[in-house]
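These are the residues of each chain, in order.
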Amino acid sequence: MKFNKSFLTVGILAATMTLAACHDDKAQDTASTQNQTQSAASTTTTPAKAEVSPLTQFNQTVQIQPVSYTLSKKDGKEMLAYNYTIVNKSSESLKTVKWYGIVTLGKNLIDIFSVPVNFEKALPAHSQISIAFSKPLASYTPTVQKEFLNSKNLQLNLTTVAGEIAFANTQTQPIVVTTDKAVQDELKAIFAQAQKTK
């Protein structure tokens, strides 16, 4: 039984986008229900402003730019680093930024990982920082390892999926778009569907 990797890749990408969209729809449904309740209770009250979805808030607060990947050796082991730039677009300092990385090579899924960045010193408003998320090359399949080691111009597609943001000012409400549990649940559903189509 041959497993269709391109089906899995497309499914995972679609699921992550669906996760964010579903979360946004739930937030909007809740907001519209609250607005309807407020309007019914008092006809003299002006309607509340339309609430902004968590995904929109996330994107207005931070920009996560995948820059490149690099191979290096650490303690005699080959390491693969995914390099990102985080831009704080908000007027507040950030304590934590979390997102999910999806790495594909052509139609093949290479990796899905969570990147939680906890700043020792909060990331100031309207600033940016470069970070590297490293993994041992040995954590990949032998085929993928060969691709990384033998190719000078490997064309990876790095996709970021919004996760969570916590502000240095604890009075400011955190922004949550996607959680680890939601990602795990979606992946389980995708793998179950893939098993059925074998």
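The structure presented is a predicted model; accordingly, all values stated were derived computationally and were not measured.

Caption draft 1: Local environment of the overall build of the protein chain. In terms of regular secondary structure, the protein chain is built from 4 helices and 7 strands. When the helices and strands of the protein chain are read in sequence order from the N terminus, they spell out α-α-β-β-β-β-β-α-β-β-α. When the 198 residues of the protein chain are sorted by exposure, 35% land in the buried category. Of all intrachain contacts in the protein chain linking residues separated by at least 6 positions in sequence, the fraction that spans at least 24 positions is 68%. Element-wise, carbon and sulfur atoms account for 52% of the exposed surface of the protein chain, whose accessible area totals about 12,100 Å².

Caption draft 2: Layout of the sheet that holds strand 5 (residues 127-136). Taken together, 3 strands build an open sheet; the order of strands is 1-2-5 and the sheet is antiparallel. For this open sheet the edge positions go to strand 1 (62-74) and strand 5, each flanked by a neighbour on one side alone. Ignoring strand direction, the axes of neighbouring strands in this sheet form an average angle of 20 degrees. Pairing analysis gives 12 bridges linking strand 1 to strand 2 (residues 77-88), with the strands arranged antiparallel. Residue pairing in the sheet places Leu-71 in a bridge with Leu-80 of strand 2.

Caption draft 3: A look at the nonpolar core. Of all hydrophobic cores here, the largest spans 32 residues; its most connected members are Phe-58, Val-62, Tyr-82, Ile-86, Leu-94, Trp-99 and Phe-148. Of all the secondary-structure elements, those providing two or more residues to this core are strand 1, strand 2, strand 3 (94-105), strand 4 (108-123), strand 5, helix 3 (142-150) and strand 6 (156-167). Looking at this core, the element that brings in the most residues is strand 4, giving 6 residues. Dropping the residues within four chain positions of it, Phe-58 is found in contact with Ile-64, Lys-98, Ala-162, Gly-163, Glu-164, Ile-165, Ile-175 and Val-177. Counting 5 residues, the second largest nonpolar core, distinct from the first, contains Tyr-100, Ile-102, Val-161 and Val-183.

Caption draft 4: Summary view of the pattern of salt bridges. For the coordinates displayed, the defined rule picks out 4 salt bridges. For Asp-111, the salt bridge goes to Lys-135, with nearest N and O atoms at 2.7 Å. Of this pair, Asp-111 sits in strand 4 while Lys-135 sits in strand 5, and the two are 24 residues apart along the sequence. A relative accessible area of 9% places Asp-111 in the buried class. Judged by relative accessible area, Lys-135 falls into the buried class, the value being 18%. Here Asp-185 and Lys-181 are joined by a salt bridge, their closest N and O atoms 2.9 Å apart. In this pair, Asp-185 and Lys-181 are both assigned in helix 4 (residues 180-196), 4 residues apart and thus about one turn of the helix distant. On the basis of relative accessible area, Asp-185 is assigned to the partly exposed category, the value being 36%. Of the residues examined, Lys-181 reaches a relative accessible area of 53% and is grouped as exposed.

Caption draft 5: Spatial organisation of the sheet that holds strand 6. One open sheet accounts for 4 strands, arranged 4-3-6-7; its pairing is antiparallel. Strands at the two margins of the open sheet, each flanked by one partner only, are strand 4 and strand 7 (175-176). Two elements, strand 6 and strand 7, share 2 bridges in a ladder whose sense is antiparallel. The partner of Ile-165 across the bridge, within strand 7, is Ile-175.

Cut-offs applied
Residues numbered from 1 in each chain as written. Predicted model: local features only at pLDDT ≥ 70, side-chain atom pairs only at ≥ 80, totals over all residues. Heavy atoms only, no water. Helix = DSSP H or I, 4+ residues; strand = E, 2+ residues; numbered from the N terminus. Buried < 20%, exposed > 50% of the residue type's maximum accessible area, 1.4 Å probe, protein only. Contact = heavy atoms within 4.5 Å. Areas by Shrake-Rupley, 256 points an atom, 1.4 Å probe, with all protein chains shown as cover. Pairing = 2+ DSSP bridges. Axes fitted to C-alpha atoms, helices over the stretch in contact; angles between N-to-C directions. Core = buried A, V, L, I, M, F, W, Y, C linked by side-chain atoms within 4.5 Å. Salt bridge = Lys/Arg side-chain N within 4 Å of Asp/Glu carboxyl O.

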